[in-house]
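Each chain, letter by letter, is given below.
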Amino acid sequence: MSMDILSSYIDDLDYTGLMHSLLIAYMVTGRDTVGTTLPWFFYNLAMNPHVMSGIRDELAPIAASRKDDTTTMMTFSPEDTKHLVYLQAALLETLRLYPPRSIERKTVVADDVMSSGHEVWARDTVLLSAYSMGRMESLWGKDCYEYRSERWLYDDVDGGGGGGGARKKRLRYVALHTFLAFNSGRRMCPGKHIAIMQMKTAAAAVVWNFDVEVVEGGHKVEPKLSCLLQMKNGVMLKVKKRAI
Ligand code: HEM
């Protein structure tokens, strides 16, 4: 008999307390992180219209295969967006520059020497800045401050063998300890794939159906000092239904 995790907790009275804590953890950790990332994502797209066009090019074949009335809003399912690498690259690039959990705080359990050679002592506090690491030239190159989705992609020649096969974009492997937005190791975010799936489906619908522009002369967009990297005053965007 197949059973999902939630049902197994519901049926076991010993675990209802744990289920309660787990559900709260998932609701708290999952909602604000995604809600904090998407405004940065749309801001980045509005500032980089070529990335918006790149995502639309990826969505176009899916939209063309639809029989629905194209005058209404078009939405895309997780299945539709799963293989869209350019859209994913644009999201990862947003998380590199604006990781919602910008600082990781860890307490040392026992004296140890880290792989970097730094000695740490029991009860020390170690702070890791995902925000700074996302902007380090030694990790991301000279253009580390630029929003450039292409850095996450490489060209794969279908069929190989140098026979001039079709080029396909694929996501480049980036070591998790380099890109800390979801943390790495044992405490890595267990909702990473759900988060990417949620953001891809929401982003695809907005990008396909609307033009998004930053309001000229609007306020300065900057991060707020808080436990999540929210925008201090939000961002003023002009959103217009797209003529398709
Ligand atoms: C943009 C979206 C997200 C980002 C950037 C993100 C990032 C993170 C990070 C950095 C941690 C590690 C915190 C730590 O141990 O120090 C974490 C933990 C966690 N995340 Fe996410 N998260 C996101 C979305 C989600 C979603 C959608 C869910 C649930 C569906 C989720 C569930 C959790 C849970 C339950 C933990 C705690 C894990 C533990 O205690 O070991 N997250 N997340």
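Refer to the structure presented above.
Everything numeric in this text was worked out from a predicted model, so none of it was measured.

(A) Spatial organisation of the overall build of the chain. Check the secondary structure of the chain and you find eight helices and eight strands. Counting only C-alpha atoms, the chain reaches 60 × 55 × 50 Å along its principal axes. The proportion of buried residues among the 244 residues of the chain is 36%. Within the chain, counting contacts between residues at least 6 apart in sequence, those at least 24 apart form 63% of the total. Accessible surface for the chain amounts to roughly 15300 Å². Of this, 57% is attributable to carbon and sulfur atoms.

(B) Inspection of the coordination of the iron atom of the ligand at higher detail. For the iron atom of the ligand, the protein supplies a single donor, Cys189 (SG), at a distance of 2.3 Å. Summarising the element assignment, Cys189 is placed in the loop between strand 6 (167–171) and helix 8 (192–209).

(C) Spatial organisation of helix 5 (residues 85–97). Its 13 residues place the ends of helix 5 18 Å apart at the C-alpha level, agreeing with the 18 Å of an ideal helix rising 1.5 Å per residue. In terms of burial, helix 5 is a largely internal element, 13 of the 13 residues being buried.

(D) Layout of the side chain of Arg56. Tracing the chain through its elements places Arg56 in helix 3 (residues 49–64). Relative accessible area serves as the criterion here: at 13%, Arg56 is assigned to the buried category. Reaching out from Arg56, the side chain makes a polar contact with the backbone oxygen of Val207 at a distance of 2.9 Å. With residues near it in sequence (within four places) discarded, Arg56 still touches Val207, Trp208, Phe210, Asp211 and Arg242.

(E) Geometry of the site of the ligand. In the vicinity of the ligand lie 20 residues, with Thr29, Glu104, Lys106, Arg187 and Cys189 positioned nearest. With respect to the ligand, the side chain of Arg101 contributes an N or O atom lying 3.4 Å from a nitrogen atom. Among the elements of the structure, helix 2 (16–47), strand 1 (103–107) and helix 8 are those that each provide at least two residues to the shell around the ligand. Looking at the shell around the ligand element by element, the count peaks at six residues for helix 2. Along the lines of polarity and charge, the residues of the shell around the ligand split into ten nonpolar, six polar and four charged.

(F) Representation of the pattern of salt bridges. Counted by the stated rule, this structure contains 15 salt bridges. Salt-bridge contacts for Arg56 lead to Asp211; the nearest nitrogen and oxygen are separated by 3.1 Å. With a gap of 155 residues between them, Arg56 in helix 3 and Asp211 in strand 7 (residues 210–214) connect regions that are remote in the sequence. Here Asp211 falls in the partly exposed class, since its relative accessible area comes to 26%. Of the charged contacts in the structure, one is a salt bridge between Lys232 and Glu222, with a shortest N-O distance of 3.9 Å. With Lys232 in the loop between strand 7 and strand 8 (237–241) and Glu222 in the loop between strand 7 and strand 8, the pair connects residues that are ten residues apart, well separated along the chain. Owing to a relative accessible area of 47%, Lys232 belongs among the partly exposed residues under this scheme. One network of salt bridges, in which partners are shared, links Glu93, Arg96, Asp143, Arg148 and Arg151.

Conventions and cut-offs
- Residues numbered from 1 in each chain as written.
- Predicted model: local features only at pLDDT ≥ 70, side-chain atom pairs only at ≥ 80, totals over all residues.
- Heavy atoms only, no water.
- Helix = DSSP H or I, 4+ residues; strand = E, 2+ residues; numbered from the N terminus.
- Buried < 20%, exposed > 50% of the residue type's maximum accessible area, 1.4 Å probe, protein only.
- Contact = heavy atoms within 4.5 Å.
- Areas by Shrake-Rupley, 256 points an atom, 1.4 Å probe, with all protein chains shown as cover.
- Donors = N, O, S within 2.8 Å, 3.2 Å for Na, K, Ca; no water.
- Expected span 1.5 Å × (residues − 1).
- Polar contact = N/O pair within 3.5 Å; in protein donor to acceptor, adjacent residues only side chain to side chain.
- Near = heavy atom within 4 Å.
- Nonpolar A, V, L, I, M, F, W, Y, C, P; charged D, E, K, R; others polar.
- Salt bridge = Lys/Arg side-chain N within 4 Å of Asp/Glu carboxyl O.

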